[in-house]
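Descriptive structure summary
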Amino acid sequence: MNLEAGNCPKCHEYLLLKQNTPFLVCPKCGETISAQAANAIVEKRCADAGQVNAIIAECVALEMKYGPDLPYMLLAKVVNNFPHMEKPAYLLVKLSNYDLGMVYDYLKTFANTKSDPINVPWAESFLDACLDYQMVEAADLFRSYVRNKVRKDRQEHYLDLIDKLVKEYTVKSDHPDATKWLMIFYVISSVVNVALFPIMMMISGWLSHYTGFYFAANILLGIAVVSLEVLLMFIHHKVYGNRLVISQTERLWMVIFLSSMVFAVGAVVMGSIWKITF
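Residues numbered from 1 in each chain as written. Predicted model: local features only at pLDDT ≥ 70, side-chain atom pairs only at ≥ 80, totals over all residues. Heavy atoms only, no water.

Here we take up the overall build of the chain. From N to C terminus, the chain includes eleven helices and four strands. A compact globule built from 278 residues should have a C-alpha radius of gyration of about 19 Å, whereas the chain, at 28 Å, is more than 25% larger. Counting only C-alpha atoms and orienting by the principal axes, one finds that the chain spans roughly 85 × 55 × 25 Å. Relative to its 278 residues, the chain shows a buried fraction of 39%. Considering only contacts in the chain between residues 6 or more positions apart, those separated by 24 or more positions represent 64%. Both charge centroids of the chain, one from 25 positive and one from 26 negative side chains, sit 1 Å from each other. (Helix = DSSP H or I, 4+ residues; strand = E, 2+ residues; numbered from the N terminus. Rg over C-alpha atoms; globule rule 2.2 N^0.38 Å. Buried < 20%, exposed > 50% of the residue type's maximum accessible area, 1.4 Å probe, protein only. Contact = heavy atoms within 4.5 Å. Lys, Arg positive; Asp, Glu negative; His and termini not counted. Charge placed at Lys NZ, Arg CZ, Asp CG, Glu CD.)

In structure tokens:
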């Protein structure tokens, strides 16, 4: 059910409105009101810069009373109208329960903006909630955020924490052997995956002279090859860790490898239908 925020023209209570419903009865005052008029009040208030602080205060009370949905809708409208106001943007991130995408967008917009720590009292709470392995790829943005938002005596603590997370996350991924072995794996695996098609066609042709279970043989071969590739990727990850930055060449071969895995799965079926007999 699609809902939107509204405000009763009679009693000024905030409401959740069903879209495409022209009229409704306000649960607070019992009056029949126009959904369009109720929504227009919210749109007008959220577009007024002078009302932002009042709306934020209302959202805090609304969250305690009704949960996050209604204040989230109101703050989303405010942020859409005033994308460079940091306080409503942060509160929207908080109401999203620190959704990864929302956190990244917030950092991308505000991490490089210098602020007096007094004006961003939520900075440390934000870092405590978000600094984990899921967001480690945004390490540079977090470092900028710390330098620009956190008071001087606490910056070293958070910068050390970021460095520790990055070190634990990447392990030895910057070692030259990490890239070399990964590229060798991508190239060989891609070739093997593509070669499975004619190999399975030949297996089907050979086994068809003796049994009708050549499809099962191709399935087992496909599972074995894909399982081995997953195992090798797992071993590489355990030895060298994750990678924060990859080159365009590596990215290209990674895409080719992933595409070849799909090709290998398809080869199980097509290699059993089309046979090469000798």
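For the pair helix α9 (residues 176-207) and helix α11 (residues 248-273), the least separation of the axes is 8 Å and the interaxial angle reads 15°. As summarised for this structure, α9 and α11 are arranged roughly parallel, according to the angle between their axes. The element α9 and its partner α11 pack so that their crossing is left-handed. For the contact of α9 with α11, a count of residues per class yields 20 nonpolar, nine polar and one charged. (Axes fitted to C-alpha atoms, helices over the stretch in contact; angles between N-to-C directions. Parallel < 35°, antiparallel > 145°, perpendicular 65-115°, else oblique. Left-handed = near helix turned anticlockwise from the far one by under 90°. Nonpolar A, V, L, I, M, F, W, Y, C, P; charged D, E, K, R; others polar.)

This next bit is on the environment of tyrosine 145. Structurally, the position occupied by tyrosine 145 is in helix α7 (residues 139-149). We classify tyrosine 145 as buried; its relative accessible area is 0%. For the pair tyrosine 145 and leucine 107, spaced 38 residues apart in sequence, the C-alpha to C-alpha distance is 7.2 Å. Contact partners of tyrosine 145, with chain neighbours within four places excluded, come to Glu86, Tyr106, Leu107, Ala111, Trp122, Ala123, Phe126, Leu127 and Val150.

What follows is about empty space enclosed by the protein. Per the counting criterion, the structure on display carries one cavity of 30 Å³ or more. Taken as a whole, the largest cavity spans an internal volume of roughly 40 Å³. The wall of the largest cavity is formed by Leu131, Asp132, Met135, Val136, Ala139, Phe142, Ile162, Leu165 and Val166. Broken down by element, the residue count for the lining of the largest cavity peaks at three residues, all from helix α8 (residues 152-170). Its residues placed into classes, the lining of the largest cavity shows eight nonpolar, no polar and one charged. (1 Å grid on protein atoms, 1.4 Å probe; cavity = no way out; pocket = protein on both sides within 12 Å on 5 of 7 lines; lining within 4 Å. Points joined across faces, edges and corners; volume = space filled by probe spheres on them.)

This paragraph deals with unusual backbone geometry. In this structure, histidine 12 is a non-glycine residue whose phi angle is positive, near 65°. Along the chain, the position of histidine 12 falls in the loop between β1 (3-7) and β2 (14-18). Residue classification places histidine 12 among the exposed positions, given a relative accessible area of 54%.

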